[in-house]
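Summary of the model geometry
The primary structure of each chain is shown beneath.
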Amino acid sequence: THDGSAPMQMSLRLVSERFQQVQKRARRLFDLNADFRDLCDEYEACTETLAHLETGEPGSKGLRNEYAALLLRLERELLRCMEEHPDREES
């Protein structure tokens, strides 16, 4: 692998784009913390499902609302995780 030039995982890319102000912290946490990686994967899956539902049948509004609420909960959890693991070093 080439340090720093490896393609970013899609789940990390989504989280980094959503939370640009803490992008560096998100990248380091993604490398170091399995729970944070799992949250990123869940965020990606939820985002994809929500996008699919948006283009789906009109009758799936309740399901869309559930996934939108889940997405907000995941965002809060991602932010909480980043707050609990502040940057310890500048790199």
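Above this note sits the structure.
About the criteria used
- Residues numbered from 1 in each chain as written.
- Predicted model: local features only at pLDDT ≥ 70, side-chain atom pairs only at ≥ 80, totals over all residues.
- Heavy atoms only, no water.
- Helix = DSSP H or I, 4+ residues; strand = E, 2+ residues; numbered from the N terminus.
- Buried < 20%, exposed > 50% of the residue type's maximum accessible area, 1.4 Å probe, protein only.
- Contact = heavy atoms within 4.5 Å.
- Salt bridge = Lys/Arg side-chain N within 4 Å of Asp/Glu carboxyl O.
- Arc of directions from axis to C-beta.

Moving on, we come to the environment of Phe 19. Within the element layout of this structure, Phe 19 appears in the loop between helix 1 (10-18) and helix 2 (23-32). We classify Phe 19 as buried; its relative accessible area is 2%. In this structure the C-alpha to C-alpha distance between Phe 19 and Leu 79, which are 60 residues apart in sequence, comes to 8.5 Å. Discounting chain neighbours no more than four positions away, the residues touching Phe 19 are Glu 75, Leu 78, Leu 79 and Met 82.

A complete count under the given rule lists 3 salt bridges for this structure. Arg 18 is the partner of Glu 75 in a salt bridge, and the nearest nitrogen-oxygen pair spans 2.9 Å. Taken as a pair, Glu 75 in helix 4 (residues 61-84) and Arg 18 in helix 1 lie far apart in primary sequence, 57 residues in all. In this structure, Glu 77 and Arg 80 form a salt bridge, with 2.2 Å as the shortest nitrogen-oxygen distance. With Glu 77 and Arg 80 both in helix 4, this residue pair falls 3 residues apart, about one helical turn. One salt-bridge network, held together by shared partners, links Glu 77, Arg 80 and Glu 84.

For the rest of this paragraph, the subject is helix 2. By the burial criterion, the buried members of helix 2 are Arg 25, Ala 26, Leu 29 and Phe 30. Viewed end-on, helix 2 has its buried residues packed into an arc of 135 degrees, placing them on one side of the element. Counted as exposed and oriented over 90 degrees from the buried face of helix 2: Asp 31 and Leu 32. Against the buried residues of helix 2 lie helix 1, helix 3 (34-54) and helix 4.

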